[in-house]
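Tertiary structure, described
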Amino acid sequence: MLKLPSFHPQKPQSAPPPPKPHQTLTPKSNPLNQFPIPSTAPSRLRLRRPLRIRAIDAAQPFDYEALMSLRHETSSKLKIAVVGFGNFGQFLARTIVRQGHTVLAHSRSDHSAAAASLGAAFYADPNDLCEAHPDVILLCTSILSTKSVLRSLPLQRLRRNTLFVDVLSVKEFPKDLFLNTLPREFDILCTHPMFGPESGKNGWADLPFVYEKVRVGGNPSRAERIEKFLEIFRKEGCRMVEMSCAEHDKHAAETQFITHTVGRILGRLGLQSTPINTRGYETLLDLVENTAGDSFDLYYGLFMYNKNSTDQVDRLDEAFGSLRRELFGKLHVKAREHIFESADGGEEGSEVAYLRALPENGVAAEDPSMKSS
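All of the points below concern the structure found in this document.

The rules we used
- Residue numbers restart at each chain and count upward from 1, following the sequence in its written direction.
- Only residues with pLDDT of at least 70 get local features here, since the model is predicted, and only at 80 or more are side-chain atom pairs given and counted; chain-wide, interface and lining totals rely on the full set of residues.
- By convention in this description, side-chain values take in all heavy atoms of the structure and omit both hydrogens and water.
- Only protein chains enter the accessibility calculation, which uses a 1.4 Å probe. A residue is then buried if its area is under 20% of the maximum for its type, exposed if over 50%, and partly exposed in between.
- Strands are runs of DSSP state E lasting at least two residues, helices are runs of H or I lasting at least four, and both sets are numbered from the N terminus onward.
- The directions considered for the arc are those from the helix axis to the C-beta atoms.
- Whether two residues are in contact is decided by their heavy atoms, any of which lying within 4.5 Å being enough.
- Side-chain atoms alone can form a polar contact between residues adjacent in sequence; in general such a contact is a pair of N or O atoms within 3.5 Å, and within protein one must be able to donate a hydrogen while the other accepts it.
- Think of it this way: a Phe, Tyr or Trp ring, Trp meaning its six-membered ring, pairs with another when their centres are within 6.5 Å, and the plane angle makes it stacked under 30 degrees, edge-to-face over 60, tilted otherwise.
- Here a salt bridge means any side-chain nitrogen of Lys or Arg lying within 4 Å of a carboxyl oxygen belonging to Asp or Glu.

For helix 6 (residues 172–181), the full list of buried residues reads Phe-173, Pro-174, Leu-177 and Phe-178. The arc enclosing the buried residues of helix 6, seen along the axis, measures out at 125 degrees, which places them on a common side. For helix 6, the elements touching its buried residues are strand 4 (136–139), helix 5 (146–152), strand 5 (163–166) and strand 6 (187–193).

Below is the structure:
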């Protein structure tokens, strides 16, 4: 007998329960509590407190401009090794640090305390200095010691594109020394800040800074690095003068060497201030003060390492001799005129009367004692 399946009407499905309002999870309502953590688990894994968002930085917008400004500020700074951390090296380092650049100092003498006071790091060992990989090696040595100091640096420990800069008062000498000593991969910038701790103590504004870009690699970043270094002096208001080293030495012999020579001559005269100083005399005293503060090695270097200085010494000697001859020539003429002149119809001068009273040649003078007897 055919059986038909029984029919059971389905019960209407009940509507889903409405969603519950947002609640803060508590240990009782937390569904994770259905799976308790064993007591052997670290206590930091247990939920002790309600979950709350405490970091407010996550809701802040990303400050792209601030990040770009920071990156630009960082990229515009240099790591400069000042080799020769004496009086002039510290003088330059003070401004370099103030502008935000990193200064690494090295010298044969221990200037670690001075470096620390300026915010610079001092390296007694040149190997450690070069292994710090500075962007720039700034030679602030004396002219006489530049060659030996340069050859004492372990160049193989530097980056192959390091920039070498000098600040000597002569320029052809360091240019030739750099070209003959440094590997071709190194960049070269010859400079001369024509001021020092005394003349630049009140700022560098309008003071001349002479430079020549002797060798610059083809990578644009290397040309940019030189501009960053020059910007140190532009920011201080220096009068930037781009000039060849040969032209610089020609002009320097006519200006700087003569200035130092005259200042030292006046210094040896022992000039002193007086109650009736004129402005011109005050200028001479200032010249003596400005040149006396520099070592004789600096002055000797200006003479020894600038081939134009010898000509200036000869010219100075010739000029003084010419002036001396002119002075004494005028003096002799005036003296002779005073001795032999006589006014028309007037009394003769005492010198003329005395000369006429003398006996002629070959005649003995009369003895005054015999005349009185």
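With that settled, the discussion passes to the side chain of Thr-146. Relative to the elements of secondary structure, Thr-146 occurs in helix 5. Within the structure, Thr-146 has its side chain in polar contact with the backbone oxygen of Ser-142 (distance 2.7 Å). With residues up to four places along the chain from it excluded, the contact list for Thr-146 reads Leu-139, Thr-141, Leu-168, Phe-173 and Leu-177.

Under the counting rule described, the total for this entry stands at 14 aromatic pairs. Ring geometry for Phe-164 versus Phe-178: centroids 6.1 Å apart, planes at 65 degrees, classification edge-to-face. Of the two residues, Phe-164 sits in strand 5 while Phe-178 sits in helix 6, which places them 14 residues apart along the sequence. With relative accessibility at 0%, the residue Phe-164 sits in the buried group. With 5.8 Å between their ring centres and 65 degrees between their planes, Phe-296 and Tyr-299 make a pair best called edge-to-face. Residue Phe-296 and its partner Tyr-299 are both found in helix 10 (residues 296–304); the two are separated by 3 residues, about one turn of the helix. Judged by relative accessible area, Phe-296 falls into the partly exposed class, the value being 46%.

This next bit is on the pattern of salt bridges. Tallying each qualifying case throughout the model produces 10 salt bridges. Here Asp-166 makes a salt bridge to Lys-171, at a shortest N to O gap of 2.9 Å. Judged by relative accessible area, Lys-171 falls into the buried class, the value being 2%. Between Arg-225 and Asp-187 there is a salt bridge, with the nearest N and O atoms lying 2.9 Å from each other. With Arg-225 in helix 7 (residues 220–235) and Asp-187 in strand 6, the pair connects residues that are 38 residues apart, well separated along the chain.

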